[in-house]
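Below, each chain spelled out in residue letters.
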2 protein chains.
Amino acid sequence: MTDAWQSVVQDSPLASDLPSEPGSLRQRIEHRLGELLCFRGQTPKVLDEAMRYSMFSAGKRVRPVLAIVAAQHFGGHENDALDFACAIEMVHTASLILDDLPSMDNAAIRRRRKTLHVAFGEDVALLTAIALLSQAFGVIAACDALPSATKLRLIQLLSDTIGFSGLAAGQMRDLRDEAHLKTVDGVTTLNHQKTGVLFVAAVEGGAAIAGAGEDQLRCANAFARNVGLAFQLYDDLLDATSTLSALGKDAGKDSGKRNVISLIGVEETRSAVKRAIETALAPLAEGPLTDYTIKLFAKVTAT
Amino acid sequence: MTDAWQSVVQDSPLASDLPSEPGSLRQRIEHRLGELLCFRGQTPKVLDEAMRYSMFSAGKRVRPVLAIVAAQHFGGHENDALDFACAIEMVHTASLILDDLPSMDNAAIRRRRKTLHVAFGEDVALLTAIALLSQAFGVIAACDALPSATKLRLIQLLSDTIGFSGLAAGQMRDLRDEAHLKTVDGVTTLNHQKTGVLFVAAVEGGAAIAGAGEDQLRCANAFARNVGLAFQLYDDLLDATSTLSALGKDAGKDSGKRNVISLIGVEETRSAVKRAIETALAPLAEGPLTDYTIKLFAKVTAT
């Protein structure tokens, strides 16, 4: 690995720091998450504490920011997409909690802290994830800013994203299906199913909130698939090349597993990240979504 | 325990057999569940097999039947409530899978077979439960028979039923909160949170589908709380007094735990079941819901 790339990896906002842009959006998301997850004693204390530990732990909020920026890109308003964005982040956090469990990836560190099951117990972690997932659907159903038809579309999108052909399917294949891990295409498909689908839901949902037409939705989908791919490849790079202190989670955890890096190496993977970003941006007109993507991956594309 | 009660317990349709009434409803539910959970190769094979193992394992289908019968009771149509009823059963099955996990109740037998995690592994069980929960929301959102406002109301109801003040909260208290297990009132509250809430969702949802007014919804809610209580108390009785072969799940599993039986004994609990059924039926006009309840608990009330 070159020194330049080492510095990219270690300094990257994707590694551990919060993205500097768009800061105000991220703050609005934090604030709204706090409101949507305020139960005033109506939930057991330990469940509330576990939820706060996992939801408010310096997550990067990339997916909810993408949802809002996508809505803006296609002519919609930040306010209309805010609750949906929060729902996406609840699903993302739940999926991290579940993936970290002993019966899954058995991870001990996440975001520079103990994973939820290590800190609170496996039972608490599991119930927190279940409650966050169900809250996500309730938040969309209750959102005053959106027409009923849009809310139902978003709920179906989220259901597909999590369920039998979504994140659950991707995690199942990752754990059990060796055949998917032997080729670059197989790993790419798996990355999409494990990670990309939530990027697609965020961006497509944001576009739908803005009232995007079918052509625009297809464009949003293609963009999100490639940004999701770039993000996952970058995450694999960080995992392969960083130390725990730089990364904030268990580094090298995937080293026993096949991923793109074990198939094509660090430099080729870095090129693949760049290509995925270029492919993501190609079909999009300039606007909030292109601006955010360029900032998000600035340190990769600049070197 | 009297011989009469022993025979009630062993012969009861709640113990292991399917309720004989309303048979055609149960068959329609089975058939529709098969349609709603048909993925034609779009989900990993092991996830599909695990879903089938848990969803189509001679479950009693009491909750979905209650949902449909409640809709009928308040003037609605079976067809309108069918998909919601199936969603309720998906949530119920998911909650059983999760409750049985090693980090929860650590149960080995359910419905006369190995529990899902014993048969397929903990990872598969967990992902099956997650996928079923998310599918339940998607099924309601996609249901053609219902107006958008009703679907969104049902989705919020289901979200509340599962989440931070619903089943997840109830299971959390059951596992961690000893204070709830020291009095009859505490155990009753816990029973409601662990079991009753899904009965309430089924019946209130069915009533909402029928277009029931606020008075009728309150009535449906009170009925369902008490039927849920009766059902849970009966389940505790079966657990305390049956053998594995009669019960189809781990008998005596709760014997180390406080439940109503350890506080007031078998005969008092049996009286409490009868009282709960009477209280449930009191506010209801005669109709499909009263008929079904009387049939469901026939063997308890007859003795």
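In this text the structure is predicted, and so the values were computed from the model without any measurement.

Rules of the game
- Residues numbered from 1 in each chain as written.
- Chains lettered and ligands numbered in written order.
- Predicted model: local features only at pLDDT ≥ 70, side-chain atom pairs only at ≥ 80, totals over all residues.
- Heavy atoms only, no water.
- Helix = DSSP H or I, 4+ residues; strand = E, 2+ residues; numbered from the N terminus.
- Contact = heavy atoms within 4.5 Å.
- Areas by Shrake-Rupley, 256 points an atom, 1.4 Å probe, with all protein chains shown as cover.
- Least-squares fit on C-alpha atoms with pLDDT ≥ 70 in both.
- Phe/Tyr/Trp six-rings, centres within 6.5 Å; stacked < 30°, edge-to-face > 60°.
- Buried < 20%, exposed > 50% of the residue type's maximum accessible area, 1.4 Å probe, protein only.
- Lys NZ or Arg CZ within 6 Å of the ring centre and 35° of its normal.
- pLDDT = per-residue confidence, 0-100.
- Expected span 1.5 Å × (residues − 1).
- Bend = angle between axes of the 7 residues up to and from the residue.
- Buried area = accessible area lost by both parts, 1.4 Å probe.
- Salt bridge = Lys/Arg side-chain N within 4 Å of Asp/Glu carboxyl O.
- Polar contact = N/O pair within 3.5 Å; in protein donor to acceptor, adjacent residues only side chain to side chain.
- Nonpolar A, V, L, I, M, F, W, Y, C, P; charged D, E, K, R; others polar.
- Disulfide = S-S within 2.5 Å.
- Axes fitted to C-alpha atoms, helices over the stretch in contact; angles between N-to-C directions.
- Parallel < 35°, antiparallel > 145°, perpendicular 65-115°, else oblique.
- Left-handed = near helix turned anticlockwise from the far one by under 90°.

Draft legend 1. Quick look at the overall build of chain A. What chain A contains, in helices and strands, is 15 helices and 2 strands. Taking the contacts inside chain A whose residues are at least 6 apart along the sequence as the reference set, 73% of them involve residues at least 24 apart. Of the roughly 11,300 Å² that chain A leaves accessible, carbon and sulfur atoms contribute 48%.

Draft legend 2. Just the relation of the copies chain A and chain B, in detail. With an RMSD of 0.0 Å, the operation that places chain A on chain B is a rotation of 180° combined with a shift of 0.0 Å along the axis. Seen this way, the second copy is the image of the first under a two-fold rotation axis. When C-alpha positions in chain A are compared against the rotation axis, the closest is assigned to Ser148 of chain A, at 3.1 Å. Taken as a fraction of all interface residues of chain A, those also at the interface in chain B reach 100%, which identifies the copy contact as same-surface.

Draft legend 3. Representation of the packing of aromatic side chains in the model. Residue and element names in this part refer to chain A. With the rule as written, the count across this model stands at 7 aromatic pairs over all chains. Measuring from centroid to centroid gives 5.0 Å for Phe199 and Phe231, while their planes differ by 50°, and the two rings are tilted. Of this pair, Phe199 sits in helix 10 (residues 184–209) while Phe231 sits in helix 11 (residues 214–241), placing them 32 residues apart in sequence. Phe199 gets classed as buried once you look at its relative accessible area, which sits at 0%. Its guanidinium or amino end placed over the ring of Tyr53, Arg113 lies 3.9 Å from that ring's centre, counting from NZ or CZ.

Draft legend 4. Seen up close, the confidence of the model for chain A. Residue and element names in this part refer to chain A. Of all residues in chain A, 86% attain a pLDDT of 70 or more, and the chain-wide mean is 87. Within the model, pLDDT remains below 50 along residues 1–21, and this stretch shows 53 contacts once partners closer than five positions in the same chain are excluded. Here the prediction assigns the complex a pTM of 0.90, and the interface score ipTM is 0.90.

Draft legend 5. Region of the structure containing helix 13 (residues 260–281) of chain B. All names here are of chain B. Over its 22 residues, helix 13 runs only 22 Å from end to end, short of the ideal 32 Å by more than 12%, given 1.5 Å per residue. Of all bends in helix 13, the biggest is about 95°, found at Val266. Taken together, the buried positions of helix 13 are Val260, Ile261, Thr269, Arg270, Ala272, Val273, Ala276, Ile277 and Ala280.

Draft legend 6. Just the interface of chain A and chain B, in detail. The interface is formed by 47 residues belonging to chain A together with 47 residues belonging to chain B. Together, the buried faces of chain A and chain B total about 4,100 Å²; carbon and sulfur atoms form 75% of this surface. Connecting chain A to chain B are 2 salt bridges. A salt bridge links Arg176 of chain A to Asp123 of chain B; its shortest N-O distance comes to 2.9 Å. For the pair chain A and chain B, the interface holds 12 residue pairs in polar contact (both at pLDDT 80 or more). Every element with two or more residues in the side of chain A that touches chain B is listed here: helix 3 (45–55), helix 7 (122–142), helix 8 (148–162) and helix 9 (167–176) of chain A. Among the elements that make up the side of chain A that touches chain B, the one with the highest residue count is helix 7 of chain A (16 residues). Residue composition of the side of chain A that touches chain B, by class: 28 nonpolar, 14 polar and 5 charged.

Draft legend 7. Highlighting the environment of Arg218 of chain A. All names here are of chain A. Note on placement: Arg218 falls in helix 11. Remark: the alpha-carbon pair of Arg218 and Glu204, spanning 14 residues in sequence, is separated by 8.3 Å. Separated by 2.5 Å, the side chains of Arg218 and Asp215 make a polar contact.

Draft legend 8. Quick peek at the side chain of Arg63 of chain B. Residues and elements named next belong to chain B. Within the secondary structure layout, Arg63 lies in helix 4 (residues 62–73). At 3.2 Å, the side chain of Arg63 and the side chain of His92 are in polar contact. Setting aside its immediate chain neighbours within four residues, Arg63 contacts Ile88, His92, Thr195, Leu198, Phe199, Ala202 and Phe231.

Draft legend 9. Inspection of helix 8 (residues 148–162) of chain B at higher detail. Look at helix 8 of chain B: 21 Å from first C-alpha to last across 15 residues, which is about the 21 Å you get at 1.5 Å a residue. Where helix 8 of chain B is buried, its residues meet helix 7 and helix 8 of chain A together with helix 5 (78–100), helix 7 (122–142), helix 9 (167–176) and helix 10 (184–209) of chain B.

Draft legend 10. Fine view of the state of the cysteines. Residue and element names in this part refer to chain A. The full count for this structure, using the stated rule, is 0 disulfides over all chains. Among the cysteines around Cys38, which has no disulfide bond, Cys86 carries the closest sulfur, lying 14 Å off. Take Cys38: its relative accessible area is 34%, and that puts it in the partly exposed class.

Draft legend 11. Structural detail: the pattern of salt bridges. Residues and elements named next belong to chain A. Taken as a whole, this structure holds 26 salt bridges over all chains when the rule is applied. Among the ionic pairs, Asp48 bridges to Arg52, the shortest N-O distance being 3.5 Å. Taken together, the residues span about one helical turn, with Asp48 and Arg52 both in helix 3 at a distance of 4 residues. Two residues, Asp174 and Lys194, come together in a salt bridge whose shortest N-O distance is 2.9 Å. A residue pair is termed long-range when its members are at least 10 positions apart, and Asp174 in helix 9 and Lys194 in helix 10 qualify at 20 residues. For Asp174, a relative accessible area of 10% translates into the label buried. Residue classification places Lys194 among the partly exposed positions, given a relative accessible area of 22%.

Draft legend 12. Spatial organisation of the packing of helix 4 of chain B against helix 10 of chain B. Residue and element names in this part refer to chain B. Running from N to C, helix 4 and helix 10 cross one another at 30°; their axes reach a closest spacing of 6 Å. It follows from the interaxial angle that helix 4 and helix 10 lie roughly parallel. Considering how the two elements wind past one another, helix 4 and helix 10 form a crossing that is right-handed. In this structure, helix 4 contributes Val62, Arg63, Leu66, Ala67, Ala70 and Ala71 to the contact, and helix 10 contributes Thr195, Leu198, Phe199, Ala202, Val203, Gly206 and Ala207. A breakdown of the residues in the contact of helix 4 with helix 10 according to their chemical character gives 10 nonpolar, 2 polar and 1 charged.

Draft legend 13. Just unusual backbone geometry, in detail. Even without a glycine there, the phi angle at Arg111 of chain A is positive, about 50°. Relative to the assigned elements, Arg111 of chain A resides in the loop between strand 1 (109–110) and strand 2 (113–114). Not every positive phi belongs to a glycine, and Arg61 of chain B is a case in point at roughly 60°.

Draft legend 14. The arrangement of the side chain of Asp83 of chain B in detail. Tracing the sequence through the fold places Asp83 of chain B in helix 5. Residue contacts for Asp83 of chain B: discarding those within four places in its chain leaves Arg32, Leu36, Val139 and Cys143 of chain B.

Draft legend 15. Quick peek at the environment of Arg225 of chain B. All names here are of chain B. By the secondary structure assignment, Arg225 is in helix 11 (residues 214–241). In this structure the C-alpha to C-alpha distance between Arg225 and Gln193, which are 32 residues apart in sequence, comes to 10.0 Å. Residue contacts for Arg225: discarding those within four places in its chain leaves His192 and Val200.

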